[in-house]
Amino acid sequence: MEDNNLKELGINLTGVVLRNLSKERLIEECINNGEAKMSLNGAINVDTGKYTGRSPKDKYFVEEKSSKDNMWWGEVNQKIDIAIFDELYEKAVNFYNNSDTKTYIFDGYAGADEKYKLPIRVIAKKAWQSFFANNMFIRPDKEELITHNPDFTIINASDISNDKYKEHGLNSETFVIFNLERKIAIIGGTEYGGEMKKGIFSVLHYYLPLRGILSMHCSANVDNDGKNAALFFGLSGTGKTTLSTDSNRPLIGDDEHGWSDDGIFNFEGGCYAKTINLDKEDEPDIYNAIRHGAMLENVVMDPITNKVDFNDGSKTENTRVSYPLDYIENSIFAKGSPSIAGHPDTIIFLTCDAYGILPPVAKLDIEQSMYHFISGYTAKVAGTERGITEPQATFSPCYGGPFLTLHPLTYAKLLKEKIDKFQSKVYLVNTGWNGGSAQSGAKRIRFNIKHHYIISTLTYCYCFNI
């Protein structure tokens, strides 16, 4: 059957094309291609190559008429001329058209709400990248695949790089470029899977707010009755995944959500958790999700026994695991419901304070909420980006600055409107250092699920609605 999407992209594949493989087949491909090894606990383990984190300085958006007046241009969303995009796009397409190796295609969705879901496609040459997409995005059923027509396509050409980057005035040989008019992204020079995940997130950050839907860098959970939803905002490493993965409160999602007039909904079909120093007692749900069908990234593994060592950060501090949402047994998706809920009763801003100034917990009024949301004070922690080896204080608007495509005030205005309309309560929680800075020798506040007092305090706050 003719694929109109590939035809429109100019891709004419001559080798074997493997579309929407099952989890088992993708694992088989990863192993047979030599891209992954099977670990002792049943999860495959891959090495993402030179880059073990995102490359934010290599992310660009084409300056084109449909989006140029809406975009928040600057260091986060760097402009690139259409001529440079066209040149690199042709290079990426030729890489596929001139290759006789296997090509992997994943078709799925971003957005659990039927009203707002974005049909997407990921084209990749590496089986593990397709497996990552299969874990992280929403997987359609057989009937949905028949009518699936992607509204946004990622062409992952990680094996090629831009040797003319200096001539083009770009940062490096690596490039992650979005063309919103053509609804295409191209990736070159980096294998890191997080570029695909956060790339689609950036796209949703553009489309949804223009429809009055707040896109959010947050995790979410509910009570056992499916009510009293709570949102946890924060950058990577501040505790979104850990704190929302609570054995007493079913998980909606661990990283990306939308808030419409109908309620909140997860963007993803999986979780992408950090595994450095992962402890079974502190984070049992995440630990137990690492099994057959999960994919570890850059985790050190014994070459003889295939036993993984979560405490070894010699490859990177940003060791990761991706797994489907239903691998968290206490998730609403695993219980047979879509990853959606009503309006949140509680909103929690997570900040990793590197200077030991902020208190562990503070309740905020609406003005304070807007101040903290817009300023987004936190610290980048080791490994989430290239070059970050120790905590660095930063201000990240909306607790998700690296992924915003519109001006931060657009998201802040939407959040204020929804807090006012649905009477959500807001708290600031410090998961960084208290009583001393990160450099003073003070210990970071523990925020595990099992026994830290912050969790007890928050449970009281959002369960008893104070």
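Keep in mind that this is a model prediction, so the values were computed, not measured.

With that out of the way, let us pick up the side chain of N221. Checked against the element boundaries, N221 lands in strand 11 (residues 214-221). Reaching out from N221, the side chain makes a polar contact with the backbone oxygen of S244 at a distance of 3.2 Å.

With that out of the way, let us pick up the environment of I264. Within the fold, I264 resides in strand 15 (residues 263-266). I264 sits in the buried class, given a relative accessible area of 1%. Spatially, the C-alpha atoms of I264 and T378 are 25 Å apart, while their sequence positions differ by 114 residues. When neighbours within four sequence positions are excluded, I264 is seen to be in contact with M216, A220, A229, L231, I252, G258, W259, S339, I340, A341, G342 and P344.

Let us now look at the packing of aromatic side chains. In the structure shown here, the tally under the stated rule is 18 aromatic pairs. Between F61 and F178, the ring centres sit 4.8 Å apart and the planes meet at 15 degrees, which makes this aromatic pair stacked. Separated by 117 residues along the polypeptide, F61 in strand 4 (residues 59-62) and F178 in strand 9 (residues 175-179) bring together distant segments of the chain. Exposure remark for F61: the relative accessible area of 1% places this residue in the buried category. With a relative accessible area of 2%, F178 lands in the buried category. Grouped by ring-pair contacts, the aromatic residues Y116, F201, F265, F267 and F403 constitute a single cluster. It is R182 that lies over the ring of Y89; its NZ or CZ is 4.6 Å from the centre. Over the ring of Y327 we find R291, and its NZ or CZ is 4.0 Å from the ring centre.

To continue, consider the pattern of salt bridges. A full pass over the atoms with the stated rule returns 24 salt bridges. Put simply, E144 and K117 hold a salt bridge, and the shortest N to O gap is 3.5 Å. Here the residue E144 occupies a position in helix 5 (residues 142-147), and K117 occupies one in the loop between strand 6 (103-110) and strand 7 (118-124), the gap between them amounting to 27 residues. Note on E144: relative accessible area 22%, which makes it partly exposed. On the basis of relative accessible area, K117 is assigned to the partly exposed category, the value being 22%. Salt bridges here are not isolated pairs; linked through shared partners, they connect K197, K198, K240, D255, E256 and E268.

Let us now look at the environment of T174. Within the element layout of this structure, T174 appears in the loop between helix 6 (165-168) and strand 9. Through-space distance from the C-alpha of T174 to that of S161 is 5.8 Å; in sequence the pair is 13 residues apart. Apart from the residues lying within four places of it in its own chain, the contact partners of T174 are Y51, S55, D58, G188, G189 and T190. Looking at T174, its side chain comes within polar contact range of the side chain of Y51, at 3.2 Å.

On to the confidence of the model for the chain, then. In regions of low pLDDT, the predicted coordinates are not meant to be interpreted in detail. Mean pLDDT over the chain works out to 92, with 93% of the residues at or above the 70 mark. Confidence drops under a pLDDT of 50 for residues 449-457, and excluding neighbours within four residues, the segment shows 22 contacts in the predicted structure. Counting interchain partners and residues more than four positions distant, the pLDDT-below-50 stretch residues 462-466 has 20 contacts.

Bringing the pairing of strand 7 into the picture now. Burial analysis of strand 7 places 7 of its 7 residues in the buried class, which makes it a mostly covered element. Burial of strand 7 is two-sided: the residues L118, I120, V122 and A124 facing one way and the residues P119, R121 and I123 facing the other way are all buried. Summarising the sheet, strand 6 and strand 7 pair through 7 bridges and their orientation is antiparallel. The residue bridging G108 from the neighbouring strand is I120, located in strand 7. Pairing of strand 7 with strand 8 (residues 152-157), which is carried by 4 bridges, proceeds in the parallel orientation. Residue pairing for strand 8: I123 is matched across the bridge by I155.

The rules behind these values
Residues numbered from 1 in each chain as written. Predicted model: local features only at pLDDT ≥ 70, side-chain atom pairs only at ≥ 80, totals over all residues. Heavy atoms only, no water. Helix = DSSP H or I, 4+ residues; strand = E, 2+ residues; numbered from the N terminus. Polar contact = N/O pair within 3.5 Å; in protein donor to acceptor, adjacent residues only side chain to side chain. Buried < 20%, exposed > 50% of the residue type's maximum accessible area, 1.4 Å probe, protein only. Contact = heavy atoms within 4.5 Å. Phe/Tyr/Trp six-rings, centres within 6.5 Å; stacked < 30°, edge-to-face > 60°. Lys NZ or Arg CZ within 6 Å of the ring centre and 35° of its normal. Salt bridge = Lys/Arg side-chain N within 4 Å of Asp/Glu carboxyl O. pLDDT = per-residue confidence, 0-100. Pairing = 2+ DSSP bridges.

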